[in-house]
Structure formats: structure tokens, C-alpha cells
Amino acid sequence: MDEKKVMLSGIQPSGDLHLGNYLGAIKNWAARTEEFECYYFMADMHTITVRQTPADLRRRTLEQLAQYIACGLDPEKNTLFIQSHVPQHAELGWVLNCYTMFGELSRMTQFKDKSAKHKDNINGGLFTYPALMAADILLYQPDFVPVGEDQKQHVELTRNIVQRFNGVYGDVFKMPEPYIPKAGARVMGLTTPDSKMSKSIPEGCVFLMERPEDIQRKFKRAITDSDTENPVRYDPASKPGVANLMNIYSAVTGKSFDKIEEEFAGQGYGKFKPAVGEAVVETLRPIREEATRILADKAYLESVYKAGAEKASYVANKTLRKVYKKVGFVAR
Ligand code: TRP
């Protein structure tokens, strides 16, 4: 039998997971469990490139794990782990820092954005972050790296590093491909339909653990437009708010855009918005309940992240030994 292709991704536990993370990423990861050998991690080492409150970081990391599982990532079938529990990330990260150019790092959009946003803390980690991300990826020799559009540049840089490193030492790393979800999977902010849903704009962001009444309130306040002729119609260019709501509704109900247009024909946004809210509430309800249950079971969570780290470490170590040997380190 053919070996399964490998898939890997991570999310920073820098904020609570939201509908965009679920529909744009985690739901699709869960759907690929059988097809791929999958590694998913909480990127806590990346998170400290921006100052964090330690207790919050710890809590969010565990919550994120519980939510991954509640979203359908079965820990028996996927390797779920916490980045800082697998020391090979830091170790390979250092080596790759030495194969990543200052100029390349300077061109990274995320670095430019984040250093503009955190002017008082433009630290070295923020700058070299993509080399650590390359290590995260390359340790597991994945075929595919599912990431949002905003991370594509980092995966491209990883590919440059592979080319550079393999060019010197031979075939050490497998060339990974970014795996960008199609436009439809992109969830935009409910109050900012031209930019993706983000925790930094909480009024337009629906969190996975949010109470149903709060979710409903956000949907009722979602930005639409003043079209009274033919309101619920899929036209992303001129009706981005409505297109986003249709996207969300379609993703949680499985209905096509045509079907949705039919369903709400002749009706205004006053009917449509709460219907989307209700569908989202019902989608998130079992996830919230399951995540709450899992989070209360500390022994279970611990068993998951320990087993995950052990498995990840075993694989990561094989790559790291090879790299250490290639660059000329004396074997331990
Ligand atoms: N940089 C990613 C983000 O901010 C998170 C991340 C870290 C990641 N390491 C990764 C994603 C490796 C994919 C693969 O969203």
C-alpha cells in the first residue's frame, strides 16, 4: 500500500478560536484525517514574539487543544501537540536561521505589519519567526501545508530554504506545497466584509465558545447593504457583506448559493441575518459543549498532548539528526 501523504499546520494560541479558524481551517483538516497523515500543533513558541500574559497563554493553549478535538480532530488519528513540547523545533529553528537571509526576512509582510503594530517590541524572534516556521514544517517532511493566504509568503520562504539547503547537502528536506483553501472557505469579518474575520475586531468575530445570544446579536448587526430590490444575492464585488453571510450559511448548512437565493427570495435582511445566526449557533453548539467537557478532563487532555509530543518528537528527531550530521555537528 502507498504511504499516505503528510499534512501539517499550526495555529498560534494568541486568541480564542473563531468561526474563520473553524470553517477556513480546522473543519477541512478534520475532513482529511483518513486521507493524510496529519500533524497539527499549537504554535505557542510563535505566540511569544508578541508579549503575552503567561496564565492566559497557558489557558488558551489547552483550550485550543480541547477545541481542536471538539471540532473533530481525533487525537487517535491525528498527531496533536504543543510546539514547545517538541524541542526539535527550537533546535532546527536555529540551524535554519543560518540558512535564511536577512533580506528575505526583511521582505515578510507579517513582520512589517507586526512591527508597525508593536513598535515598542520589535524583537529578534518577530524577525526570525519564518525560520522557526520553516523548522515546524520541515521536521515532519510534509507534502502539504494548509495555511491561509496571509501565511503563503512564509511557506514560499520555506521552499526557498529547502532549495538552498538541499542545494548544498543533497535531498534532506521534502519540498512542501502550500495548500490554500479556495476563496469560499475564507470567512470575512461580519462588520468588515473586506477583511478576514479576526479576533482584533471582536464585534465582527464569532468565537467558537461564544454564547448563542451573543452570536445572534453579532449576526443581527452584520454589515450588509441598502439593496431593497433583490437583497439575498451572491455578488461578492458589489455585495461583499451579503456574500460573506451566504458563504457562512452555505458552509454550515451545505446549501448552494442558488438554493439560498431561492430560500430568501423576496425577503429582506431582517429574515436572512438571524437565519444565518441560528444555523451558526446550531453548528457551534455541539462543539462548545464537547470542548467544555474535554477541558474539564485535565487528565485526558494531558494524555493527548503527551502522546502527541512523543509521536511528533520521534519523527522530528529523525530529521534533526540528519540535518545535524549534514551541517557537521559531532554526533551525540
Ligand atoms: N505562522 C502561522 C500563523 O500565524 C502559524 C504557524 C506556525 C504555522 N508554524 C506553522 C502554520 C507551520 C503552518 C505551518 O498563522
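Cut-offs applied
Residues numbered from 1 in each chain as written. Predicted model: local features only at pLDDT ≥ 70, side-chain atom pairs only at ≥ 80, totals over all residues. Heavy atoms only, no water. Helix = DSSP H or I, 4+ residues; strand = E, 2+ residues; numbered from the N terminus. Expected span 1.5 Å × (residues − 1). Buried < 20%, exposed > 50% of the residue type's maximum accessible area, 1.4 Å probe, protein only. Salt bridge = Lys/Arg side-chain N within 4 Å of Asp/Glu carboxyl O. Core = buried A, V, L, I, M, F, W, Y, C linked by side-chain atoms within 4.5 Å. Contact = heavy atoms within 4.5 Å. Axes fitted to C-alpha atoms, helices over the stretch in contact; angles between N-to-C directions. Parallel < 35°, antiparallel > 145°, perpendicular 65-115°, else oblique. Left-handed = near helix turned anticlockwise from the far one by under 90°. Nonpolar A, V, L, I, M, F, W, Y, C, P; charged D, E, K, R; others polar. Near = heavy atom within 4 Å. Polar contact = N/O pair within 3.5 Å; in protein donor to acceptor, adjacent residues only side chain to side chain. Areas by Shrake-Rupley, 256 points an atom, 1.4 Å probe, with all protein chains shown as cover.

### Observations regarding helix α3 (residues 54-70)
The terminal C-alpha atoms of α3, which comprises 17 residues, lie 24 Å apart, in line with the 24 Å expected from a rise of 1.5 Å per residue. Listed as buried for α3 are Leu57, Arg60, Thr61, Glu63, Gln64, Leu65, Ala66, Gln67, Tyr68, Ile69 and Ala70. Downstream of α3 by a residue or two, Gly72 has a phi angle that is positive, lying close to 110°.

### Considering the pattern of salt bridges
Oppositely charged side chains can form a pair if their charged atoms are brought close together. Overall, the coordinates contain 21 salt bridges when judged by the stated rule. Its salt-bridge partner being Glu156, residue Arg159 comes within 3.9 Å of it at the nearest N-O pair. Taken as a pair, Arg159 and Glu156 lie in helix α8 (residues 152-169) at a separation of 3 residues, close to a single helical turn. Residue Arg159 is classed as partly exposed on the basis of its relative accessible area of 21%. Connected through salt bridges with shared partners, the residues Asp225, Asp227, Arg233, Asp235 and Lys239 form a single ionic network.

### Focus: the nonpolar core
Membership of the largest hydrophobic core comes to 54 residues, with the highest contact counts inside it found for Leu19, Ile26, Tyr68, Phe219, Ile248, Phe272 and Val280. For this core, the element with the highest residue contribution is helix α12 (residues 269-296), accounting for 10 residues. Ignoring sequence-local partners within four residues, the contact set of Tyr68 consists of Gly10, Ile11, Leu17, Ile26, Trp29, Tyr40, Phe41, Met42, Leu73 and Leu80. Grouped together as the second largest cluster of nonpolar side chains are 39 residues, Phe127, Ala135, Ala309 and Tyr324 included.

### Structural notes on the side chain of Thr79
As for its position among the elements, Thr79 is in strand β3 (residues 78-82). The residues touching Thr79, leaving out its near neighbours within four places in the chain, are Cys38, Tyr39, Tyr40, Gly308, Lys311 and Ala312.

### Focus: the packing of helix α1 (residues 19-31) against helix α10 (residues 240-253)
Contact geometry for α1 and α10: axes closest at 12 Å, N-to-C directions at 55°. The angle between the axes of α1 and α10 places the two elements in the oblique class. Crossing handedness for the pair α1 and α10: left-handed. Residues Leu19, Leu23 and Lys27 of α1 form the contact with α10, whose participating residues are Ile248, Ala251 and Val252. Of the residues belonging to the contact of α1 with α10, the class tally is 5 nonpolar, no polar and 1 charged.

### Focus on the site of the ligand
Taken together, 14 residues sit near the ligand, with Gln12, Tyr129, Met133, Asp136 and Gln151 positioned nearest. Residue Asp136 places a side-chain N or O atom 2.6 Å away from a nitrogen atom belonging to the ligand. Between Gln151 and the ligand, the recorded distance is 3.0 Å, taken from a side-chain N or O atom to a nitrogen atom. Protein contacts shield 90% of the accessible area of the ligand, which totals 360 Å² for the unbound molecule. Listing elements by their share of the shell around the ligand, those giving two or more residues are β1 (5-11) and α7 (124-138). Sort the elements by how many residues they give to the shell around the ligand and α7 lands first, with 4 residues.

Fair warning: the whole summary comes from geometry, so function is off the table for now.
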